[in-house]
Amino acid sequence: MMFDPLYMLILVVTLVLSGAVSLLVKTRFAAGQKVNISSGLSGADVAKAILMEAGITDVKVLKHQGFLSDHYNPLNKTLNLSPEVYSGRNASAAGVAAHEVGHAIQHAQGYFPLWLRSAIVPAANLGSNLGPWLVIIGIMLMSMGKALGQSLAIVGVVLFGLATLFSLVTVPVEFDASARAKKALARMEVVAPGREYNTVSGVLFAAGLTYVAAAISSILQLLYWAYRAGLLGGRRDD
């Protein structure tokens, strides 16, 4: 079944989409590195300044190895910035650093979508790994006339649906963090209006598209597994 033409088509579409978005992000980030910000602040300085303005004093800003590995960890309240962002004094570094602070602010303010995303992480991980296999096993059992097969396939679809829900919730979480970042950078005059601000916006928008692409990919796969389980278009046990 893994060689199903429909499944292969979905794989090709999602790979092309994710590849195109990844290329766009790298291109925008590289272009943004060439635009120095007038404030002269490094990414680490930007993060600390926005945290201070927001009244957040319990989040540490750390340097984290790995290209574009930037992330906020709500478990230990650390803001982990890649070397390019931590030390960079350009539009890309400022934008990414401010974006990650946006997540810290979301956490501090109890932003519901962020809480929901964190809450469903274990179920989403289980669903993405186990869900498809349960559907496959269920279809095999259905082809042998086993009544258990249909129920097992449905459970697999539901589990994978949790992974899709995680992808969908992530989209507004990420775009909200970017919106907070751009407002803070403009309000605090970290970046100047015009080229600097527009470059930051372009970098953050491209980064946000990676989550849109992931959500589209997950939706397509969920529809496929639901189709194979017979929940869409009738039973499929071939």
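Only a predicted model underlies this, so the values are computations on that prediction, with no experimental measurement involved.

## What about the overall build of the protein chain?
Here is step 1: The helix and strand tally for the protein chain stands at 8 helices and 3 strands.
Here is step 2: Reading the helices (α) and strands (β) of the protein chain from amino to carboxyl end gives α-α-β-β-β-α-α-α-α-α-α.
Here is step 3: Taken along the three principal axes of its C-alpha coordinates, the protein chain extends 70 × 35 × 25 Å.
Here is step 4: Looking at the protein chain residue by residue over its 238 residues, the buried ones come to 43%.
Here is step 5: Across the protein chain, every contact between residues at least 6 apart in sequence was considered, and the portion connecting residues at least 24 apart equals 71%.
Here is step 6: Looking at the protein chain as shown, the accessible area adds up to about 11800 Å², and 66% of this sits on carbon and sulfur atoms.
Here is step 7: Side-chain charges of the protein chain comprise 18 positive and 13 negative groups, with the mean position of each set lying 2 Å from the other.

## Looking at the packing of aromatic side chains
Here is step 1: Per the counting criterion, the structure on display carries 6 aromatic pairs.
Here is step 2: Look at Tyr 7 and Trp 225: their rings are 5.7 Å apart centre to centre, the planes differ by 50°, and that puts the pair in the tilted class. Taken together, the residues Tyr 7 in helix H1 (residues 5-33) and Trp 225 in helix H8 (residues 195-228) connect sequence positions 218 residues apart. Each member of the pair, Tyr 7 together with Trp 225, is buried.
Here is step 3: Seen in terms of ring centroids, Phe 112 and Trp 115 are 5.7 Å apart; in terms of plane orientation they differ by 25°. Their pairing is stacked. Placement of the pair is Phe 112 and Trp 115 together in helix H5 (residues 112-119), with a separation of 3 residues, close to one helical turn. Trp 115 matches Phe 112 in its accessibility class, with the two residues each being exposed.
Here is step 4: Positioned above the aromatic ring of Tyr 111, the side-chain terminus of Arg 180 is 5.4 Å from the ring centre.

## Considering the nonpolar core
Here is step 1: Counting 31 residues, the largest nonpolar core has Ile 50, Leu 79 and Leu 185 as its most contacted members.
Here is step 2: Mapped by element, the contributors of at least two residues to this core are helix H2 (43-53), strand E3 (78-81), helix H4 (91-109), helix H7 (148-187) and H8.
Here is step 3: Here this core takes 8 residues from H4, the largest share from any one element.
Here is step 4: Those residues in contact with Leu 185 that lie beyond four places of it in its chain are Val 46, Ile 50, Ala 94, Gly 95, Ala 98, Val 190, Val 191 and Val 200.
Here is step 5: Counting 13 residues, the second-largest nonpolar core is a separate cluster that includes Met 142, Val 157, Tyr 224 and Trp 225.

## So, the packing of H5 against H7
Here is step 1: Where H5 meets H7, the axes come as close as 9 Å, and the angle between the chain directions of the two elements is 145°. Helix-helix and strand crossings are classified by hand; for H5 and H7 the assignment is left-handed. Seen from H5, the contacting residues are Pro 113, Leu 114, Leu 116 and Arg 117; seen from H7, they are Phe 166, Val 169, Thr 170, Val 173 and Glu 174.
Here is step 2: Of the residues belonging to the contact of H5 with H7, the class tally is 6 nonpolar, 1 polar and 2 charged.

## Considering the side chain of Asp 70
Here is step 1: Summarising the element assignment, Asp 70 is placed in the loop between strand E1 (60-63) and strand E2 (71-73).
Here is step 2: Within the buried core, Asp 70 has no salt-bridge partner, and the shortest N-O distance to an opposite charge, that of Lys 63, equals 11 Å.
Here is step 3: Within polar-contact distance, the side chain of Asp 70 engages the backbone nitrogen of Ser 82 at 2.6 Å.
Here is step 4: Each residue touching Asp 70, except ones within four places of it in the same chain, is listed here: Asn 80, Leu 81, Ser 82, Val 85, Val 96 and Glu 100.

## Notes on helix H6 (residues 121-143)
Here is step 1: Over its 23 residues, H6 extends 33 Å from the first C-alpha to the last, a length consistent with the 33 Å expected when each residue adds 1.5 Å.
Here is step 2: Leu 130 marks where H6 bends most, by close to 40°; the proline Pro 132 follows one to four residues later.
Here is step 3: Taken together, the buried positions of H6 are Ala 124, Gly 127, Gly 131, Pro 132, Leu 134, Val 135, Ile 136, Gly 138, Ile 139, Leu 141 and Met 142.
Here is step 4: Where H6 is buried, its residues touch H7 and H8.
Here is step 5: Trailing H6 by a residue or two, Gly 145 shows a phi angle of about 80°, which is positive.

## Concerning the sheet that holds E3
Here is step 1: Here we have 3 strands laid out as an open sheet, ordered E1-E3-E2, and mixed in their pairing. Lying at the two open borders of the sheet, with one neighbouring strand each, are E1 and E2. Between one strand and the next, the sheet's axes are offset by a mean angle of 25°, whatever the strand orientation.
Here is step 2: Relative to E3, E1 is paired through 4 bridges, and the arrangement is parallel.

## A short note on the side chain of Glu 100
Here is step 1: You can see Glu 100 is positioned in helix H4.
Here is step 2: Buried within the structure, Glu 100 lacks any salt-bridge partner; its nearest side chain of opposite charge belongs to Arg 117, at an N-O separation of 7.5 Å.

About the criteria used
- Residues numbered from 1 in each chain as written.
- Predicted model: local features only at pLDDT ≥ 70, side-chain atom pairs only at ≥ 80, totals over all residues.
- Heavy atoms only, no water.
- Helix = DSSP H or I, 4+ residues; strand = E, 2+ residues; numbered from the N terminus.
- Buried < 20%, exposed > 50% of the residue type's maximum accessible area, 1.4 Å probe, protein only.
- Contact = heavy atoms within 4.5 Å.
- Areas by Shrake-Rupley, 256 points an atom, 1.4 Å probe, with all protein chains shown as cover.
- Lys, Arg positive; Asp, Glu negative; His and termini not counted.
- Charge placed at Lys NZ, Arg CZ, Asp CG, Glu CD.
- Phe/Tyr/Trp six-rings, centres within 6.5 Å; stacked < 30°, edge-to-face > 60°.
- Lys NZ or Arg CZ within 6 Å of the ring centre and 35° of its normal.
- Core = buried A, V, L, I, M, F, W, Y, C linked by side-chain atoms within 4.5 Å.
- Axes fitted to C-alpha atoms, helices over the stretch in contact; angles between N-to-C directions.
- Left-handed = near helix turned anticlockwise from the far one by under 90°.
- Nonpolar A, V, L, I, M, F, W, Y, C, P; charged D, E, K, R; others polar.
- Salt bridge = Lys/Arg side-chain N within 4 Å of Asp/Glu carboxyl O.
- Polar contact = N/O pair within 3.5 Å; in protein donor to acceptor, adjacent residues only side chain to side chain.
- Expected span 1.5 Å × (residues − 1).
- Bend = angle between axes of the 7 residues up to and from the residue.
- Pairing = 2+ DSSP bridges.

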